[in-house]
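Structure assessment
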Amino acid sequence: MRLLAIIPARGGSKGVPKKNSKLLGDKPLIAYSIEAALLCTQFDSVVVSTDDENIAKLSKQLGAEVPFIRPAELATDEAKSIDVVLHCIQYLEAQGKYFDAVCLLQPTSPFRQKGFIDECINAFIKQKVDTLISVLPVPHEYNPHWVFEPDNKGLLRIATGDETIIPRRQELPKTFFRDGSIYLTLTNVIKHQHSFFGNTIGYLESDPTDYVNIDTIEDWHRAETILKTRIN
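Read on for an overview of the structure. (Residues numbered from 1 in each chain as written. Predicted model: local features only at pLDDT ≥ 70, side-chain atom pairs only at ≥ 80, totals over all residues. Heavy atoms only, no water.)

Attention now goes to helix α3 (residues 81-94). Along its 14 residues, α3 runs 20 Å from first to last C-alpha, staying within 8% of the 20 Å computed at 1.5 Å per residue. Taken together, the buried positions of α3 are occupied by I82, V84, V85, L86, H87, C88, I89, L92 and E93. Looking at the buried residues of α3, the elements they touch are β1 (3-8), β4 (45-49), β5 (101-104) and α5 (187-193). Remark: G96 follows α3 within two positions and exhibits a positive phi of approximately 85 degrees. (Helix = DSSP H or I, 4+ residues; strand = E, 2+ residues; numbered from the N terminus. Expected span 1.5 Å × (residues − 1). Buried < 20%, exposed > 50% of the residue type's maximum accessible area, 1.4 Å probe, protein only. Contact = heavy atoms within 4.5 Å.)

Written out as structure tokens, the structure is:
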């Protein structure tokens, strides 16, 4: 199976200005995802998709491929990740480079345990699923069986559609949320379903001590705290 890693890193950012090239510890944020991808033994190509010349130069220095500068219309706040990935796939296919599956590695989730990407790829291949994502458990107080939504009468109903609420925490089924660290998807699913999620979705649990999704300056400070723990 030919595998492509795509790391999307636009130059602009509202929450944390220029966050992808901003130093987290002693290296730029994007470096964490590039280094993790290059340590993986199974990628045929590691590509950074960026609209920023400085990020492009930095990514090449770190060992990633930057075969194009991303079009401006795909570098706005409104641009969707799926369109960014499709653009990359189509560009590479025009160059005669084809891949069976794509692994999206978001720089905003910089911390991944050593070997975790390889572990995800092995599970993805073994399970023969359309998609595999990294996840973390939903805290029991936010379990969807304990979450309510208003109906059209202004009354609450259980979000899952259950008629009665599960009374004990121990009886709640396991639920997970995607942590943003890894998305593995068959290329054909991305191209034909315009989605990272196919009909069958596998998963692996990440290390919760690594979890951060950097969108705000508060998230950045949390990443700095996690980094200190990882170093020490």
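On to the pattern of salt bridges, then. Under the counting rule described, the total for this entry stands at eight salt bridges. A salt bridge links D77 to R10; the nearest nitrogen and oxygen atoms lie 2.4 Å apart. Within this pair, whereas D77 is found in the loop between α2 (53-62) and α3, its partner R10 is found in the loop between β1 and β2 (23-24), the two being separated by 67 residues in sequence. The salt bridge partner of R230 is D210, with a shortest N-O separation of 2.5 Å. A residue pair is termed long-range when its members are at least 10 positions apart, and R230 in helix α6 (residues 217-231) and D210 in the loop between β10 (201-205) and α6 qualify at 20 residues. (Salt bridge = Lys/Arg side-chain N within 4 Å of Asp/Glu carboxyl O.)

By the alternation rule, side chains of β5 split into A101 and C103 and V102 and L104, which are all buried. As judged from the four bridges shared by β1 and β5, these two strands associate in the parallel manner. Bridged to L4 within β5 is V102. The sheet contact formed by β5 and strand β9 (residues 176-186) spans four bridges and is antiparallel. Residue pairing across strands places A101 opposite L186, the latter belonging to β9. (Pairing = 2+ DSSP bridges.)

This next bit is on unusual backbone geometry. Most of the time, phi is negative for any residue but glycine, and the peptide bond is trans. You will see that K18, though not glycine, has its phi angle at about 50 degrees, which is positive. Within the secondary structure, K18 is located in the loop between β1 and β2. By relative accessible area, K18 is classed as exposed at 60%. Although it is not a glycine, K128 sits at a positive phi angle of roughly 55 degrees.

Bear in mind that shape data such as this cannot, by itself, settle questions of function.
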